[in-house]
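What follows is the residue order along each chain.
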There are 2 protein chains.
Amino acid sequence: MSTHGHTETWIERAEAVLSAAGHKRGGARRAVIELLDSQSCALTAVEIEDALRTGERGVSRASVYRVLDELEALRLVQRVETGQAMVRYERVCEQGGHHHHLVCDSCGLVMPFSDEALERAIDKLSERVPLRVSEHEIVLHGSCHDCRDD
Amino acid sequence: MSTHGHTETWIERAEAVLSAAGHKRGGARRAVIELLDSQSCALTAVEIEDALRTGERGVSRASVYRVLDELEALRLVQRVETGQAMVRYERVCEQGGHHHHLVCDSCGLVMPFSDEALERAIDKLSERVPLRVSEHEIVLHGSCHDCRDD
DNA sequence: AATATCACAAGACTGAGTCTCATTCTTGGT
DNA sequence: ACCAAGAATGAGACTCAGTCTTGTGATATT
Ligand SMILES: [Zn+2]
Ligand SMILES: [Zn+2]
Ligand SMILES: [Zn+2]
Ligand SMILES: [Zn+2]
């Protein structure tokens, strides 16, 4: 009944990485992790706080930010800078989940997209540049279908 | 002695665009424009406010933000989201000045770079995507040469 | 010069994000 | 099962980049 990791979920990987990093368990972190796992794209810290307060397990603001920082440091979640007021966070999936974002500057809509040529360009570029590139997150701005006309 | 625009500086273009958009002149806007023109890469609003206060012409905080918003709306300046606390702004040059940014997450260093393959990938991509793409600004994160080792 | 309108300064205000510290929970050892 | 060390958490004060308001000064047009 055991596996060798190929079917490991993000939650399982997160728990394992946290444990290996010396963290104990806790209800607040668990609640944040479960919420992030249920989302396919990015949430703001305030959205997370509100969703959790409304839901089963409320989590204080300090804990939301602390947990997000811990998860980011362990590369389990990634910041998404949409240029809107608040930073967004989403889980980092190893198999296939990698994507970037389109942001409508009129209505604030955030959409994921992925592009193989773009990934190749970034990979090549990363080798020639005076920086050891860790993560990359591309955000393209424009007007969505509903907001055409300025 | 007159030209047909090929040697138009960014300041000249900014004044022309502002005038065409119905703006009157003013000392605060002029001071912000001159400071931005003297920089080749991005500044934060607070850096702009401080530089102007120290320099010849102080400009109030409200004016700095208002002018930056006006210039951004007219595509004369561009936001740069470095993922640091503050948003940065830089002038948009038409001939050759186009570049993106590398950010060292350890020390905060911001470096410009440009890459032709990346530009091509983004141009192609922009056609297939459910968004009319206006501007693009890529930020790659990592560790700079002085900060290698985590 | 008078008028209308925009540009500006000063500062109060907002709210996302940070920090502190007392309390509660985990966990490994007894 | 019990205990102690140390991690996790909650509550709220605090910071400060960015916004908003309002009264004053500059500009262009007639
Ligand atoms: Zn996403
Ligand atoms: Zn839209
Ligand atoms: Zn730049
Ligand atoms: Zn560095």
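The shown structure was predicted, so the numbers you read here are calculated from the model rather than taken from an experiment. (Residues numbered from 1 in each chain as written. Chains lettered and ligands numbered in written order. Predicted model: local features only at pLDDT ≥ 70, side-chain atom pairs only at ≥ 80, totals over all residues. Heavy atoms only, no water.)

**Concerning the coordination of the zinc ion (ligand 2)**
Then, in step 1: Within the protein, Cys104(A) (SG), Cys107(A) (SG), Cys144(A) (SG) and Cys147(A) (SG) serve as the donor atoms for the zinc ion (ligand 2), at 2.3 Å.
Then, in step 2: For the zinc ion (ligand 2), the four donor atoms in the first shell make angles of 103 to 116° at the metal, a pattern classed as tetrahedral. (Donors = N, O, S within 2.8 Å, 3.2 Å for Na, K, Ca; no water. Tetrahedral: all angles 85-135°; square planar, octahedral: opposite > 155°, others 65-115°.)

**Observations regarding the domain arrangement of chain A**
Residue and element names in this part refer to chain A.
Then, in step 1: You can read the domains of chain A as domain 1 (1-95) and domain 2 (98-150).
Then, in step 2: With centres defined by C-alpha atoms, the gap from domain 1 to domain 2 works out at 22 Å.
Then, in step 3: Listed per partner, the contact involves 12 residues of domain 1 and 12 residues of domain 2.
Then, in step 4: Both sides together, the interface formed by domain 1 and domain 2 hides about 920 Å², and carbon and sulfur atoms give 56% of it.
Then, in step 5: Here domain 1 and domain 2 share one salt bridge between them.
Then, in step 6: Glu135 is the salt-bridge partner of Arg75, the closest N and O atoms lying 3.9 Å from each other.
Then, in step 7: Here domain 1 and domain 2 share three residue pairs in polar contact (both at pLDDT 80 or more) between them.
Then, in step 8: Among the secondary structure elements, those contributing two or more residues to the side of domain 1 that touches domain 2 are β2 (77-80) and β3 (88-91).
Then, in step 9: Looking at the side of domain 1 that touches domain 2, the element that brings in the most residues is β2, giving three residues. (Domains from an automatic or database assignment. Contact = heavy atoms within 4.5 Å. Buried area = accessible area lost by both parts, 1.4 Å probe. Salt bridge = Lys/Arg side-chain N within 4 Å of Asp/Glu carboxyl O. Polar contact = N/O pair within 3.5 Å; in protein donor to acceptor, adjacent residues only side chain to side chain. Helix = DSSP H or I, 4+ residues; strand = E, 2+ residues; numbered from the N terminus.)

**A short note on the pairing of β3(A)**
All names here are of chain A.
Then, in step 1: With two bridges connecting them, strand β1 (residues 43-44) and β3 associate as antiparallel partners. Paired with Thr44 across the bridge in β3 is Arg88.
Then, in step 2: Two elements, β2 and β3, share four bridges in a ladder whose sense is antiparallel. Considered in β3, the bridge of Val77 is made with Arg91. (Pairing = 2+ DSSP bridges.)

**Here's the deal with the coordination of the zinc ion (ligand 3)**
Residues and elements named next belong to chain B.
Then, in step 1: Surrounding the zinc ion (ligand 3) are the protein donor atoms Cys41 (SG), Glu90 (OE), His99 (NE2) and His101 (NE2), which sit 1.9 to 2.3 Å from the metal.
Then, in step 2: Each of the four donor atoms around the zinc ion (ligand 3) contributes to a set of angles spanning 97 to 125°, which defines the coordination as tetrahedral.
Then, in step 3: In terms of primary sequence, the donors binding the zinc ion (ligand 3) are separated according to C-x48-E-x8-H-x1-H. In this pair, Cys41 is assigned in the loop between α2 (27-37) and β1 (43-44) and His101 in strand β4 (residues 100-104), connecting sequence segments 60 residues apart.

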